[in-house]
Amino acid sequence: MRLGSLTLSSNLFLSPLAGYTNLPFRLTVREVGGLGLATTDLVNARSLLEKNSKALKLIETSPADRPLAVQLFGSVPEEMRDAAAQLETLGVASVDINMGCPVRKVCKVGGGSAMMTELDKTAALVKGMVEAVKIPVTAKMRLGWDDQNITAPDLARALENVGVAAIFVHGRTRQQGFSGTINLDGIRTVVEAVKNVPVIGNGDVTTPQAAKKMIDDTGCAGVSVGRGAFYNPWIFLHTLHYFSTGERLPEPSFAERVRVMCRHFDLMIEVFGEEHGCRMFRKVAPWYAKRFGPANEFNKQVVRIASRAEFLQVLDHYRRWREQFLDEAGELKPRFAPPPLVASFMQEPAVAGREHIPVPKGPVEVW
Ligand SMILES: Cc1cc2nc3c(=O)[nH]c(=O)nc-3n(C[C@H](O)[C@H](O)[C@H](O)COP(=O)(O)O)c2cc1C
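Residues numbered from 1 in each chain as written. Predicted model: local features only at pLDDT ≥ 70, side-chain atom pairs only at ≥ 80, totals over all residues. Heavy atoms only, no water.

Undergrad: Teacher, can you tell me more about unusual backbone geometry here?
TA: A negative phi angle characterises most non-glycine residues, just as the trans form characterises most peptide bonds. Here the amide bond leading from Arg66 into Pro67 is cis, since omega sits at -10 degrees, within 30 degrees of zero. Tracing the backbone through its elements, the reader meets Pro67 in the loop between helix 3 (53–58) and strand 5 (68–73). Positive phi, normally seen in glycine, also occurs at Lys51, with a value near 60 degrees. One can find Lys51 in the loop between helix 2 (45–49) and helix 3. We classify Lys51 as exposed; its relative accessible area is 53%. (Helix = DSSP H or I, 4+ residues; strand = E, 2+ residues; numbered from the N terminus. Buried < 20%, exposed > 50% of the residue type's maximum accessible area, 1.4 Å probe, protein only.)

Undergrad: What's the story with the pattern of salt bridges in this structure? I'm lost.
TA: For side chains of opposite charge, pairing can occur when their charged atoms come near one another. Inspection of the entire model under this criterion finds 22 salt bridges. Measuring nitrogen to oxygen at the nearest pair gives 2.7 Å for the salt bridge that ties Asp65 to Arg26. Of this pair, Asp65 sits in the loop between helix 3 and strand 5 while Arg26 sits in helix 1 (residues 23–32), and the two are 39 residues apart along the sequence. Asp65 sits in the buried class, given a relative accessible area of 0%. Salt-bridge contacts for Asp82 lead to Arg81; the nearest nitrogen and oxygen are separated by 3.0 Å. A network of salt bridges, in which partner residues are shared, links Arg26, Arg30 and Asp65. (Salt bridge = Lys/Arg side-chain N within 4 Å of Asp/Glu carboxyl O.)

Undergrad: Just to check I follow, could you spell out the environment of Glu78 for this structure?
TA: If you trace the backbone, Glu78 turns up in helix 4 (residues 77–90). Judged by relative accessible area, Glu78 falls into the partly exposed class, the value being 42%. Spatially, the C-alpha atom of Glu78 lies 7.8 Å from that of Gly128, the residues being 50 residues apart in sequence.

Undergrad: Would you explain the nonpolar core in this entry?
TA: The tendency in soluble globular proteins is for nonpolar side chains to be buried as a group. In this structure, Leu72, Met99, Met141, Leu159, Phe292 and Phe298 are the most contacted members of the largest nonpolar core, which totals 99 residues. With eleven residues, helix 12 (residues 254–272) is the largest single contributor of residues to this core. Non-local contacts of Met99, meaning those with residues more than four positions away in its chain, are made with Gly112, Ser113, Met115, Met116, Thr122, Val126, Ala139, Lys140, Met141, Leu155 and Leu159. Listed in part, the ten residues of the second largest apolar core include Leu3, Leu37, Ala69 and Ala93. (Core = buried A, V, L, I, M, F, W, Y, C linked by side-chain atoms within 4.5 Å. Contact = heavy atoms within 4.5 Å.)

Undergrad: Hey, could you run me through the packing of helix 1 against helix 12 in this one?
TA: Helix packing for two helices is described by the angle between their axes and how far apart those axes are. Across the interface, helix 1 lies against helix 12 with an axial gap of 8 Å and an inter-helix angle of 145 degrees. Seen along the crossing, helix 1 lies across helix 12 with a hand that is right-handed. Residues Leu23, Pro24, Phe25, Leu27, Thr28, Glu31 and Val32 of helix 1 touch helix 12, and the partners they reach there are Val260, Arg263, His264, Leu267, Met268, Val271 and Phe272. Considering only residue class, the contact of helix 1 with helix 12 consists of ten nonpolar, two polar and two charged. (Axes fitted to C-alpha atoms, helices over the stretch in contact; angles between N-to-C directions. Left-handed = near helix turned anticlockwise from the far one by under 90°. Nonpolar A, V, L, I, M, F, W, Y, C, P; charged D, E, K, R; others polar.)

Undergrad: What's the story with the packing of helix 7 (residues 152–161) against helix 8 (residues 184–193) in this structure? I'm lost.
TA: Contact geometry for helix 7 and helix 8: axes closest at 8 Å, N-to-C directions at 30 degrees. Relative to helix 8, the element helix 7 lies roughly parallel. Along this stretch, helix 7 crosses helix 8, giving a crossing that reads as right-handed. Every residue of helix 8 that contacts helix 7 at Ala152, Pro153, Ala156 and Arg157 is listed here: Thr189, Val190 and Ala193. (Parallel < 35°, antiparallel > 145°, perpendicular 65-115°, else oblique.)

Undergrad: Help me understand the site of the ligand in this model?
TA: As a matter of local geometry, the ligand sits amid 21 residues, with Pro16, Gln71, Asn202, Asp204 and Arg227 nearest to it. One of the backbone nitrogen or oxygen atoms of Pro16 is found 2.6 Å away from an oxygen atom of the ligand. Arg227 is positioned with one of its side-chain polar atoms (N or O) 2.7 Å from an oxygen atom of the ligand. For the ligand, whose accessible area on its own is 620 Å², the fraction buried by protein is 99%. Partitioned by chemical class, the residues of the shell around the ligand number eleven nonpolar, seven polar and three charged. (Near = heavy atom within 4 Å. Polar contact = N/O pair within 3.5 Å; in protein donor to acceptor, adjacent residues only side chain to side chain. Areas by Shrake-Rupley, 256 points an atom, 1.4 Å probe, with all protein chains shown as cover.)

Undergrad: Before we go on, may I ask you to explain helix 12 in this structure?
TA: An α-helix turns once every 3.6 residues. As a result, residues three or four positions apart point the same way. With 19 residues, helix 12 ought to run about 27 Å at 1.5 Å a step, and its terminal C-alpha atoms sit 26 Å apart, in line with that. Positive backbone phi, at 85 degrees, marks Gly273, one or two positions downstream of helix 12. (Expected span 1.5 Å × (residues − 1).)

Undergrad: Hey, could you run me through the packing of aromatic side chains in this one?
TA: For any pair of aromatic rings, geometry is given as the distance between the ring centres together with the angle between the planes. One pass over the full model with this rule turns up 16 aromatic pairs. For the pair Phe292 and Phe298, a centre-to-centre distance of 5.7 Å together with 65 degrees between the ring planes defines the contact as edge-to-face. Ring geometry for Phe325 and Phe336: centres 4.8 Å apart, planes at 70 degrees, overall edge-to-face. Linking Phe325 in the loop between helix 16 (308–322) and helix 17 (349–354) with Phe336 in the loop between helix 16 and helix 17, this pair joins segments that are eleven residues apart in sequence. A relative accessible area of 11% places Phe325 in the buried class. A residue is classified by how much of its surface remains accessible, and Phe336, at 24% relative accessible area, is partly exposed. An aromatic cluster is built from Phe254, Phe292, Phe298, Tyr318, Trp321, Phe325 and Phe336, whose rings are joined through pairwise contacts. (Phe/Tyr/Trp six-rings, centres within 6.5 Å; stacked < 30°, edge-to-face > 60°.)

Right under this line is the structure:
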């Protein structure tokens, strides 16, 4: 998989999830394997240029966190250009542009999803960035503002003409938020609108089979996964294996899930300090627990942890509590096992409407 001058080890990408795709999570996913490129949370271009401490924390990285894309957000061409140049100097592998944010304050001045409605202006902004750096510049968009304004195909074409290295497209409109299913036909129209630039499909991919279906049905060059990776940091490794062998690896065991969760927790403390790291992990641990089987006892306690010792205590208590749901072999009795994950676009519409992926807490109305 190539993004402009950048060669990636796989065509699987971690989508930006503001508040979640921080250094500890990226390192965790990378250690598990299979990921081609990870992206930071979105970063305000102006804040970066002003060396705002929050913006600098968002781009904090380490040698193991490679290759890394930083997602920029902004509407002032000079600021976006200069921020991209600054990121290149810092050794970032590629720069992504957020074209999905619908916050009025931002759209009013031409940023976020408003970029999807003003093609010429957006193309000029992107051109300025592409010309200022050697690293690839990519764009992340939705299908359009609403069903009446599916602008992604035209925008993708306009951006290809100014030298963008890839287009990421979430197969929903801005108006849809996270409701409904992913529109694979919509992603296909974006793929068909461009000549050479890779289009990366995104939305609701929770399994290797779903990643394959997205590629088969749309012709997209790769798949980007957000919430699915939060449930399941193994998704990239398992998908890569499935792509190359056709074999579906078994779900990770409880012990493996706990091992990776603990690693994620330790990295969180390393990067954010014990107190803040614990506070942040309160909203992360329940995502791992979604695949533990019965976990109410764990979820109730983990949201109060304030130290590493407390976290280990909660885990220890939970392990003992969970034993009541196990058979003699130490496996969850089938009736307690979590149901298999199925992506929205692999289900009957009626089922898909009922069972969508939970959206993590955060300003999700924004994405
Ligand atoms: C909590 C949350 C935060 C998000 N933050 C961003 C962001 O910073 N930039 C962005 O382009 N998209 C953001 N998104 C959208 C995701 O990158 C992705 O397009 C969307 O969640 C669909 O993919 P998924 O079903 O694999 O999660 C966010 C989504 C969620 C749920």
